[in-house]
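# An overview of the molecular structure
Residues per chain, in single letters:
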Amino acid sequence: MEKIYMDNNATTAVKPEVLEAMLPYFCEQFGNPSSVHWAGRMVGGAIDKARQQVADLLHCSPAEVIFLSCGSEGDNYAIKGTADALKDKGNHIITTAVEHPAVLETCQALEKDGFEVTYLGVDQDGSLDLKELEAAITDKTILISVMWANNETGNIYPIEKIGQIAKKHKIRFHTDAVQAAGKIPVDVRKANVDMAVISGHKIGAPKGVGAMYLKRGTRISRFMHGGHQERNRRAGTHNVPGIVGMGLACELAQQSMESDYKYVRALRDKLEDGILSTIPDVKLNGHPNADLRLPNTLNVSFNYIEGESLLLFFDMKGIAASSGSACTSGSLEPSHVMGAMGVDIVLAHSSTRFSLGPNNTEKEIDFILQELPAIVQRLREMSPLYNRTSPAPLSCDECRMVSCSH
Ligand code: PLP
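Residues numbered from 1 in each chain as written. Predicted model: local features only at pLDDT ≥ 70, side-chain atom pairs only at ≥ 80, totals over all residues. Heavy atoms only, no water.

## Here's the deal with the overall build of the protein
Per the secondary structure count, the protein includes 13 helices and 15 strands. Computed over the C-alpha atoms, the radius of gyration of the protein is 22 Å, within 12% of the 22 Å expected from 2.2 N^0.38 for a compact globule of 406 residues. Principal axes of the C-alpha set define a box for the protein whose edges measure 75 × 50 × 35 Å. With 406 residues in all, the protein has 56% of them scored as buried. Look at the contacts in the protein between residues 6 or more apart in sequence, and 73% of them connect residues 24 or more apart. Approximately 17,700 Å² of the protein is accessible, and the part contributed by carbon and sulfur atoms is 54%. The average position of the 41 basic charges and that of the 49 acidic charges among the side chains of the protein differ by 6 Å. (Helix = DSSP H or I, 4+ residues; strand = E, 2+ residues; numbered from the N terminus. Rg over C-alpha atoms; globule rule 2.2 N^0.38 Å. Buried < 20%, exposed > 50% of the residue type's maximum accessible area, 1.4 Å probe, protein only. Contact = heavy atoms within 4.5 Å. Areas by Shrake-Rupley, 256 points an atom, 1.4 Å probe, with all protein chains shown as cover. Lys, Arg positive; Asp, Glu negative; His and termini not counted. Charge placed at Lys NZ, Arg CZ, Asp CG, Glu CD.)

The following block contains the structure:
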């Protein structure tokens, strides 16, 4: 059975060139870059090179790049570090209801410590109202945190415009650019961003490495205490192979961004058009204008069926995609992103994300389009929500779904 991987927003395969570049840093050039001896000096240059490669992707200076362990660490550092450093100025943070848990849960943790957080809502397409954002600013606001692109819908947020608002009100601006970096241009200076976070494993580097852009002169409290690595901004011995891999992955992403965009978008558009035109009762989750979504992401809800069941059927056919529901402690919680967009609970449960990459092929899209209608039909026939004579959903009294939280 051919394996089809369409879950690139969850993680990507390490690119062969990246692995190749990393290999010498495991056994031959194994030194600790903080050491003054030959073994340390051997690897110091590799870290400098990687820092430049990351800086080139983000359009900043290498001195503004801090290496970390992952995107979640970066979001925690940016938000908690700002809250602590600026607590004398204010205690208010503005973010959105559709952020990744690395941002949302960090903000929720700060609320327990007395910070006030405004979670901006979105409309049915997942768009933010920038007037609402500006109206939420108070004289206590110390941080605005808005993601560059959403991991579930692929929606791209107007980061440059938000940067202008933040600059006008002299408020620090953090963006989680984990999904955007490498797929679309991310120019932190042009966008007036103060802090941006990216993650290696989303762009063909290994898991366990991330980076943060911290604009020169930005006051932030340390998050990791210990050694004095990263100019005293992040303690911990450098993950040298990971950092080398991340640097090269950034350079490769920059080089092929335009061609990857065109290639991946054509495949995604074909999948999207094919699904929407051949399967009834399917809803697109995300902005209807495909230019306002990442080129690789498609999120659709197949009414009357649960995303998780669809994924199991997909898996039997060798297709890896993901669902908007997260299975937590035995109950299926619909995604908070779908909830924020006001997606009906039944539809939210059926949301399915295909996130493509440059390794996907047109043949794979054809295979999915060929298999999907029968799978959806079969699952609908098994569904207590699907009335076979009439496509209207069952009422709550008729519905016996354990996980339905109507
Ligand atoms: N932010 C976004 C938008 C993400 O999609 C992810 C990962 O899925 C993260 C942050 C966390 O990144 P990491 O897995 O590197 O911790």
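From this point, things continue past the structure.
## Looking at the packing of aromatic side chains
For the structure on display, the rule yields 3 aromatic pairs. Their ring planes at 20° and their centres at 6.2 Å tell us that Tyr77 and Phe223 sit as a pair that is stacked. Taken together, the residues Tyr77 in helix α4 (residues 71-85) and Phe223 in the loop between β8 (210-214) and α8 (229-232) connect sequence positions 146 residues apart. Residue classification places Tyr77 among the buried residues on the basis of a relative accessible area of 1%. Both rings, one in Tyr304 and one in Tyr386, keep their centres 5.1 Å apart while their planes meet at 45°; by these two values the pair is tilted. Taken together, the positions of Tyr304 in the loop between β10 (297-302) and α10 (307-316) and Tyr386 in the segment after α13 (362-382) put the pair 82 residues apart, joining distant regions of the chain. The two residues Tyr304 and Tyr386 agree in class, both being buried. (Phe/Tyr/Trp six-rings, centres within 6.5 Å; stacked < 30°, edge-to-face > 60°.)

## Some remarks on the sheet that holds strand β4 (residues 116-120)
Taken together, 7 strands build an open sheet; the order of strands is β2-β8-β7-β6-β5-β3-β4 and the sheet is mixed. Both edges of this open sheet fall to β2 (65-68) and β4, since each of them pairs with a single strand only. When the angles between neighbouring strand axes are averaged without regard to direction, this sheet yields 20°. Here 3 bridges tie strand β6 (residues 172-176) to strand β7 (residues 195-199), and the two strands are oriented parallel to one another. (Pairing = 2+ DSSP bridges. Axes fitted to C-alpha atoms, helices over the stretch in contact; angles between N-to-C directions.)

## Here's the deal with the pairing of β6
Of all 5 residues that make up β6, 5 are buried, and the element is covered over most of its length. A two-sided burial pattern is seen for β6, the buried positions comprising Arg172, His174 and Asp176 on one face and Phe173 and Thr175 on the other. Pairing of strand β5 (residues 141-145) with β6, which is carried by 3 bridges, proceeds in the parallel orientation. Bridge assignment links Leu143 to a residue of β6, and that residue is Arg172. In terms of handedness, the path from β5 via helix α7 (residues 159-168) over to β6 forms a crossover that is right-handed. (Right-handed = clockwise from strand over helix to strand, strands pointing away.)

## Thoughts on the site of the ligand
Lining the immediate surroundings of the ligand are 13 residues, of which Ser72, Asp176, Gln179, Ser199 and Lys202 lie closest. Measuring from an oxygen atom of the ligand, one finds a backbone N or O atom of Gly71 at 2.8 Å. The separation between an oxygen atom of the ligand and a polar side-chain atom of Ser199 is 2.6 Å. For the ligand, the protein covers 88% of the area, taking 390 Å² as the surface of the free molecule. Among the elements that make up the shell around the ligand, the one with the highest residue count is α4 (3 residues). Class assignment for the residues of the shell around the ligand results in 3 nonpolar, 7 polar and 3 charged. (Near = heavy atom within 4 Å. Polar contact = N/O pair within 3.5 Å; in protein donor to acceptor, adjacent residues only side chain to side chain. Nonpolar A, V, L, I, M, F, W, Y, C, P; charged D, E, K, R; others polar.)

## Some thoughts on the packing of α4 against helix α5 (residues 101-112)
Orientation of α4 relative to α5, taken along the N-to-C sense of each, is 30°, at an axis distance of 9 Å. Classed by the angle they form, the pair α4 and α5 counts as roughly parallel. α4 and α5 meet at a crossing whose hand is right-handed. For the pair formed by α4 and α5, the contact residues are Ser72, Asp75, Asn76, Ile79, Lys80 and Ala83 on the first element and Ala102, Val103, Thr106, Cys107 and Leu110 on the second. The residue makeup of the contact of α4 with α5, split by class, is 6 nonpolar, 3 polar and 2 charged. (Parallel < 35°, antiparallel > 145°, perpendicular 65-115°, else oblique. Left-handed = near helix turned anticlockwise from the far one by under 90°.)

## Things to note about the domain arrangement of the protein
Split by domain assignment, the protein resolves into domain 1 (4-9 + 257-399) and domain 2 (16-253). Between the C-alpha centres of domain 1 and domain 2 the distance comes to 29 Å. In this assembly, 23 residues from domain 1 lie in contact with 28 residues from domain 2. Between domain 1 and domain 2, roughly 2,000 Å² of surface is buried when both sides are summed, and carbon and sulfur atoms account for 56% of that area. Across the domain 1-domain 2 interface, the total number found is 0 salt bridges. There are 13 residue pairs in polar contact (both at pLDDT 80 or more) connecting domain 1 and domain 2. (Domains from an automatic or database assignment. Buried area = accessible area lost by both parts, 1.4 Å probe. Salt bridge = Lys/Arg side-chain N within 4 Å of Asp/Glu carboxyl O.)

## Here's the deal with the environment of Tyr5
By the element assignment, Tyr5 lies in strand β1 (residues 4-5). Through-space distance from the C-alpha of Tyr5 to that of Glu364 is 9.3 Å; in sequence the pair is 359 residues apart. Contacts of Tyr5, omitting those with residues within four sequence positions, involve Ala10, Thr11, Ala320 and Asn360. A polar side-chain atom of Tyr5 sits 2.8 Å from the main-chain carbonyl oxygen of Asp7.

## Observations regarding the pairing of β10
Counting buried residues along β10, 6 of its 6 residues qualify, which places the element largely inside the surrounding structure. In this structure, strand β9 (residues 282-284) lies alongside β10, joined through 3 bridges in antiparallel fashion. Within the sheet, the bridge partner assigned to Lys283 lies in β10 and is Ser301. Inspection of the sheet shows β10 paired to strand β15 (residues 351-355) by 5 bridges, in the antiparallel sense. Of the residues in β15, the one forming a bridge with Val300 is Thr352.

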